Amino acid sequence: MTEFFQQHSILVIIFIVAILNQVTRLLPLIISNRFLQNNYLLYMNKFLPFAILVILLISSLNWVKTFKLADLVAEVLALLIVVFSYIKLNNFLLSICLGIFSLNMIYLLF
Amino acid sequence: MQYFNWANLIKLTMPIAMGYYAAGIAFGILSVASGIDIYTTILISMVVFAGALQYSLIGFITEGVSLFSIGVSTVLISMRQVIYAIGLKPYLPKNIAKKIITAAMVTDENFSLVITQTVDLREKIILKVNFLCYFYWVTATVIGAFLGDDLSKLIPHLDFALPCLFVILCLEQYKNIKTIEPVFVAILGFIIAKILVPDYILFTGVVINIVYFLARYYLKQRKQA
């Protein structure tokens, strides 16, 4: 039963996200451009997605749950490898694979 | 005339296909590795069709974030699409159904591709380009979702793919705005939220950031005046 409700709530979340996402895509078709080009809105639109992604990045780290220094160091090192590989190779999938591989290697070696 | 040809449009969208297959497969693998079942993973790509938002959605589901926080974060992450839709509005098909379908499939990548074409071509290719991008993304997710089930059993720490993806998306954001100020504000917001309201970290963090950037813009305007 719990699993049923869990699956049910996942579907609710997905549809809320889908509807809100589509609203942002379809809004300009019904609302005047003048309102949407409000300077405050444009300024927030420039910086907020980046800030939200950083918060999501921090929340997704295992260290946030364990609060162990070893986890923090391992995850930060692996993320640095991801950053450098993405800058050099510009390949999403390869950088992610390298990140997971690096984290496993760090845990294995230290 | 040649751009009406599907073969030419596939050739034109090939750079997007390469990126979408890499990111879409990664999304499928990650979603299944995070405990979301294969069919729900595919459903996410079919109804949401937005890279950064879908990766965030995995976080929302696995972290048990509140619905209100999810709603606010979704709108904020998707806000840039409003700007894209404004830019593409003159080139959307005249037929109302086609117009809605085309606007509903706008992404960072197909917007960039269509907007770099000549003005007379934009309206002619936009629906097909957006449809092809949708097709690439959904098929990539299907591949990733079916691979992910086996991979998550074989590879330890596969869920680390999520922070890896977020750090790449942050890098892409940095390329656009060329400042790391949002990083510091976000870290500060996260710490304050973690101390004061640990159950609503994302929502509180986002609110702190909104307040900060609104205040910053207000002060900037006042300084200029």
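What you see is a predicted model; the values in this text were computed from it and never measured. (Residues numbered from 1 in each chain as written. Chains lettered and ligands numbered in written order. Predicted model: local features only at pLDDT ≥ 70, side-chain atom pairs only at ≥ 80, totals over all residues. Heavy atoms only, no water.)

## Details of the overall build of chain A
- Assigned secondary structure in chain A consists of six helices and zero strands.
- Start at the N end of chain A and walk to the C end: the helices and strands fall as α-α-α-α-α-α.
- Taken over C-alpha atoms, the radius of gyration comes to 20 Å for chain A, far larger than the 13 Å a tight globule of 110 residues would show.
- A principal-axis box enclosing the C-alpha atoms of chain A has dimensions of 60 × 45 × 25 Å.
- Taken over 110 residues, chain A has a buried fraction of 45%.
- Long-range pairs, those at least 24 residues apart, make up 30% of the contacts in chain A between residues at least 6 apart in sequence.
- About 6200 Å² of surface is accessible on chain A, with carbon and sulfur atoms providing 73% of the total. (Helix = DSSP H or I, 4+ residues; strand = E, 2+ residues; numbered from the N terminus. Rg over C-alpha atoms; globule rule 2.2 N^0.38 Å. Buried < 20%, exposed > 50% of the residue type's maximum accessible area, 1.4 Å probe, protein only. Contact = heavy atoms within 4.5 Å. Areas by Shrake-Rupley, 256 points an atom, 1.4 Å probe, with all protein chains shown as cover.)

## With respect to the interface of chain B and chain A
- Of the residues lining the interface, 81 residues belong to chain B; the matching set on chain A comes to 64 residues.
- Summed over both sides, the interface of chain B with chain A buries roughly 7000 Å², with 80% coming from carbon and sulfur.
- One can count zero salt bridges joining chain B with chain A.
- Run the count over chain B and chain A and you get 15 residue pairs in polar contact (both at pLDDT 80 or more).
- Considering each element in turn, the side of chain B that touches chain A owes the most residues, 16 residues, to helix α10 (residues 161-177) of chain B.
- Residues of the side of chain B that touches chain A, tallied by class, amount to 58 nonpolar, 13 polar and 10 charged. (Buried area = accessible area lost by both parts, 1.4 Å probe. Salt bridge = Lys/Arg side-chain N within 4 Å of Asp/Glu carboxyl O. Polar contact = N/O pair within 3.5 Å; in protein donor to acceptor, adjacent residues only side chain to side chain. Nonpolar A, V, L, I, M, F, W, Y, C, P; charged D, E, K, R; others polar.)

## Some words on the side chain of Asn209 of chain B
- Structurally, the position occupied by Asn209 of chain B is in helix α12 (residues 201-224).
- If we skip the residues at most four places from it in the chain, Asn209 of chain B touches Leu48, Ala51 and Ile55 of chain A together with Pro182, Val185 and Ala186 of chain B.

## Focus on the layout of surface pockets
- Of the voids in this model, the largest pocket is the one considered here, and its volume is about 970 Å³.
- Around the largest pocket, the lining comprises 36 residues; the ones closest to its centre are Arg80, Asp108, Glu109, Leu169 and Glu172 of chain B.
- Mapped by element, the contributors of at least two residues to the lining of the largest pocket are α3 (39-60) of chain A together with α2 (14-33), α4 (51-63), α6 (80-88), α8 (108-115) and α10 of chain B.
- Sort the elements by how many residues they give to the lining of the largest pocket and α2 of chain B lands first, with six residues.
- Approximately 570 Å³ is the volume found for the second largest pocket.
- Among the secondary structure elements, those contributing two or more residues to the lining of the second largest pocket are α3 and α5 (69-89) of chain A together with α10 and α11 (181-196) of chain B.
- At six residues, α11 of chain B tops the list of elements feeding residues into the lining of the second largest pocket.
- Residues belonging to the lining of the second largest pocket are distributed by class as follows: 22 nonpolar, no polar and one charged. (1 Å grid on protein atoms, 1.4 Å probe; cavity = no way out; pocket = protein on both sides within 12 Å on 5 of 7 lines; lining within 4 Å. Points joined across faces, edges and corners; volume = space filled by probe spheres on them.)

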